[in-house]
Amino acid sequence: MSHKYETRLSHMGRAGTHVHGFVNPGVHRGSTVLFPDCETRRDGAAKRMDQYMTYGTQGGPTHYAFEDAIAEVEGGKRAMIVGTGLAAVVVPLLAYLKAGDHCLMPDSVYGPARNIANTMMAGWGIETTFYDPCVDEAGMAALIRPNTRVVYTESPGSHTFEMQDIPAIARAAHARGAKVLMDNTWGIRIFQPFQHGVDVSIQALTKYVGGHSDILLGSVTVNTDEDWQIIRGAGSLLGQFASPDDVWLALRGLRTMSVRMKHQEKSGIEMAEWFAQQPQVKQVLHPALPSHPGHAIWKRDFTGATSLFGVVFQPRYTQEDVFRFINALALFGIGASWGGYESLALPTTGFITRTAGTGDFGGPMARIHIGLEDVSDLKADLAQGLAKMG
Ligand SMILES: Cc1ncc(COP(=O)(O)O)c(C=O)c1O
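Quantities reported herein were computed from a predicted structural model and do not represent experimental measurements.

So, how was this worked out
- Residues numbered from 1 in each chain as written.
- Predicted model: local features only at pLDDT ≥ 70, side-chain atom pairs only at ≥ 80, totals over all residues.
- Near = placed C-beta within 6 Å.
- Nonpolar A, V, L, I, M, F, W, Y, C, P; charged D, E, K, R; others polar.
- Pairing = 2+ DSSP bridges.
- Helix = DSSP H or I, 4+ residues; strand = E, 2+ residues; numbered from the N terminus.
- Axes fitted to C-alpha atoms, helices over the stretch in contact; angles between N-to-C directions.
- Contact = placed C-beta atoms within 7 Å.
- Domains from an automatic or database assignment.
- Parallel < 35°, antiparallel > 145°, perpendicular 65-115°, else oblique.
- Left-handed = near helix turned anticlockwise from the far one by under 90°.
- Expected span 1.5 Å × (residues − 1).
- Buried ≥ 20, exposed ≤ 12 C-beta atoms within 10 Å, placed from the backbone.
- Core = buried A, V, L, I, M, F, W, Y, C linked by C-beta atoms within 7 Å.

Concerning the site of the ligand
Around the ligand there are 14 residues in total, and Thr84, Gly85, Leu86, Ala204 and Thr206 lie nearest to it. Grouping the constituent residues of the shell around the ligand by class yields six nonpolar, seven polar and one charged.

Right under this line is the structure:
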């Protein structure tokens, strides 16, 4: 029988672990794994890719329960858990690219992904071209070179929330033999990457899966055995591992993710609409608003929204005015990350690097994350902050 997502969320990641009747898997810590005899150990090496414990770095029962659950949420076959969202970005890039290869990355990519492309990858002879995230199929086809092995995507883009036409990009990439990697953190669950042509889905589980701003974790999910061998192999080579304590916390976070995300989706849209009505605001960058340039793509490909969006202020304001607004807020923390239970506000103008485009939205910008607080309290706080902009 196939159950609805909310039902499955309560049951996934529980089978196959030695729970002895307890509802949840335990925290299994360990480096050494013992074998009854040398033959079993020798033969076990061949099963290392397949949730068979040979050594702590391969993961244990807590990891395997969570891997299964994340693969199910992402709609893929196998998931590998790594220590941070950034590690989940880096491992597949290094897994699929080698000296002499070419990589394509959207200009709106998460900043540290740009940084590794421009530093270590460039140093190893891997060239990266940053492209307009709103490229269409023909435009993507024109960008792909004979040595392009990876087309990296992220939709919506970090800080500026451009929507990418992932199915069109994937068609162009696959026709020319390139793999499509996607940072699907904003779209967890509400975008099913493998139904839209993605080969490798990257998650910063630190965000909505953790949900409580107390862990760092990432995942890399694939949908074929061939990609699993490549990804799991690279993870092992690079010594990737995540603490079973954090994995256990993330599995705990996963159980309530749907109710938290539904609440935050509703509050996020309400707050985005509220921002759009304020005289200080020029534009709100939230894909679920019909005014967003990528709204049609969001409506076609996504089944919901998360609570992270951008605000562009009127050009008469300076970055210092935005600082005054954010400094005046009592309920919004000033800090990076998102997906937790608490609201955040971050000035973004100085954080945005663009090389394919200008990144100029015509005014200073901020990124807003809406948590689980009451929206009338948030509106009152924001209103008094906006009044201080001058
Ligand atoms: C879109 C996106 N991808 C990846 C990451 C990296 O996640 P982590 O903080 O777990 O390294 C972040 C973190 O902010 C992010 O916003």
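Next, the rest of the story.
Things to note about the sheet that holds strand 3 (residues 127–131)
Ordered by their spatial adjacency, seven strands build an open sheet running 1-7-6-5-4-2-3, and the pairing between neighbours is mixed. Looking at which strands have only one partner, the edges of the open sheet turn out to be strand 1 (78–82) and strand 3. Between one strand axis and the next, the sheet turns by 20° as a mean value, whatever way the strands run. Examined bridge by bridge, strand 4 (residues 148–154) and strand 5 (residues 179–183) share five bridges and lie parallel to one another. Pairing of Glu154 across the sheet is with Asp183, part of strand 5. Relative to strand 1, helix 3 (residues 61–74) is tilted by about 120°, and along the sheet it contacts strand 1, strand 6 (200–204) and strand 7 (218–222).

Thoughts on the domain arrangement of the protein chain
The domain architecture assigned to the protein chain consists of domain 1 (5–255) and domain 2 (257–389). With 32 residues of domain 1 at the interface, the matching set in domain 2 holds 35 residues. Mapped by element, the contributors of at least two residues to the side of domain 1 that touches domain 2 are helix 1 (5–11), helix 5 (111–123), strand 3 and helix 9 (244–255). Looking at the side of domain 1 that touches domain 2, its residues break down into 14 nonpolar, 11 polar and seven charged.

Focus on the packing of helix 4 (residues 85–96) against helix 8 (residues 225–237)
Between helix 4 and helix 8, the shortest axis-to-axis distance is 9 Å and the interhelical angle comes to 110°. Relative to helix 8, the element helix 4 is oriented roughly perpendicular. The two elements helix 4 and helix 8 meet at a crossing, and its hand is right-handed. In this structure, helix 4 contributes Val91, Pro92, Leu94, Ala95 and Tyr96 to the contact, and helix 8 contributes Ile230, Ile231, Ala234 and Gly235. Its residues placed into classes, the contact of helix 4 with helix 8 shows eight nonpolar, one polar and no charged.

Points about the environment of Pro106
Within the secondary structure, Pro106 sits in strand 2 (residues 102–106). Residue contacts for Pro106: discarding those within four places in its chain leaves Tyr131, Pro133, Tyr152, Thr153, Glu154, Gly157 and Gln164.

With respect to helix 3
In this model, helix 3 (14 residues) spans 20 Å end to end at C-alpha, consistent with the 20 Å of a helix rising 1.5 Å per residue. Where burial is concerned, most of helix 3 is hidden: 11 out of the 14 residues are buried. Thr62, His63, Tyr64, Ala65, Phe66, Glu67, Ala69, Ile70, Ala71, Val73 and Glu74 are the residues of helix 3 that are buried. Buried positions along helix 3 lie against strand 1, strand 6, strand 7 and helix 9. Downstream of helix 3 by a residue or two, Gly75 has a phi angle that is positive, lying close to 75°.

What to know about the nonpolar core
Among the nonpolar cores identified, the biggest contains 70 residues, and Val150, Ile169, Val220 and Ala250 are the most heavily contacted of them. At eight residues, the largest contribution of residues to this core is made by helix 4. The contacts of Ala250, once residues within four sequence positions are left out, are Phe66, Leu205, Val209, Gly210, Ile215 and Leu217. Core analysis: the next-biggest nonpolar cluster, separate from the first, contains 27 residues, Met271, Val284, Phe332 and Leu378 among them.

Here's the deal with the sheet that holds strand 8 (residues 281–285)
Strand order in this open sheet of four strands is 8-9-11-10, and the pairing throughout is antiparallel. Single-partner strands in this sheet number two, and they are strand 8 and strand 10 (344–347). Strand-to-strand twist across the sheet, computed as the mean angle between neighbouring axes with direction ignored, equals 20°. Where strand 8 meets strand 9 (residues 308–313), four bridges bridge the pair, whose relative direction is antiparallel.

Topic: the environment of Arg176
By the element assignment, Arg176 lies in the loop between helix 7 (166–175) and strand 5. C-beta crowding within 10 Å serves as the criterion here: with 15 such atoms nearby, Arg176 is assigned to the partly exposed category. Each C-alpha atom of the pair Arg176 and Met365 lies 37 Å from the other, and the pair is 189 residues apart in sequence. In this structure, Arg176 is in contact with Ile144 and Thr148, ignoring residues within four places of it in sequence.

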